[in-house]
Amino acid sequence: MVKKKEDDIPDWVSDEIQNAKFNKPEELKMTGYILELYEGDNKIDAQLYDALEDGRHIVTMDLTKKIKMNELEKGVVYEFTFDQHKASLSKKVSEFLAKEKEIDMNAIYQFELKSLELLDVGSSEAVDEDLEE
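Now for a look at the structure at hand. Please read these numbers as outputs of a predicted model, since none were measured by experiment.

**What about the overall build of the protein?**
In terms of helices and strands, the protein carries three helices and five strands. A burial count over the protein gives 29% of its 133 residues as buried. Counted over contacts in the protein with a minimum sequence separation of 6, partners at least 24 positions apart contribute 66%. Summing over all exposed atoms, the protein offers an accessible surface of approximately 9500 Å²; the carbon and sulfur share of this is 46%.

Next comes the structure, spelled out in structure tokens:
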């Protein structure tokens, strides 16, 4: 008899997560900056100044074809316009994750970056001026 690893998630849980049905996307506009660029996957990790509904500040976003990876800069402030796709999980799956895995999750999210605008916050100029005084 093969003993299952404790880390294994039961098939019924992984099936629900993998086959989650996403609701109509909600368009959001938030400011933040890029933490990491994943050129091979056409994704970015973004740090948002305001939290999303589930409390997170860091999200991985898929890029649309019109956004060119080589035009993006890490660490500068952007206003991100993105679609948030949400799929709710059943109470049974949420309870399993909370009890067995100590993961507080009642929905799955996907994010698609539609556009972004570089914000001129002028912080570097202000720092330079302060140093000269």
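**Some remarks on the pairing of strand E4 (residues 77-88)**
Of all the 12 residues making up E4, nine are buried; the element is thus mostly covered by neighbouring parts of the structure. Two strands pair when backbone bridges link them, and E4 and strand E5 (residues 107-118) are joined in this way by 11 bridges, in the antiparallel orientation. Its bridge partner being in E5, Asp 83 is matched across the sheet by Glu 112.

Conventions and cut-offs
- Residues numbered from 1 in each chain as written.
- Predicted model: local features only at pLDDT ≥ 70, side-chain atom pairs only at ≥ 80, totals over all residues.
- Heavy atoms only, no water.
- Helix = DSSP H or I, 4+ residues; strand = E, 2+ residues; numbered from the N terminus.
- Buried < 20%, exposed > 50% of the residue type's maximum accessible area, 1.4 Å probe, protein only.
- Contact = heavy atoms within 4.5 Å.
- Areas by Shrake-Rupley, 256 points an atom, 1.4 Å probe, with all protein chains shown as cover.
- Pairing = 2+ DSSP bridges.

By themselves, these observations are geometric and do not establish any function.
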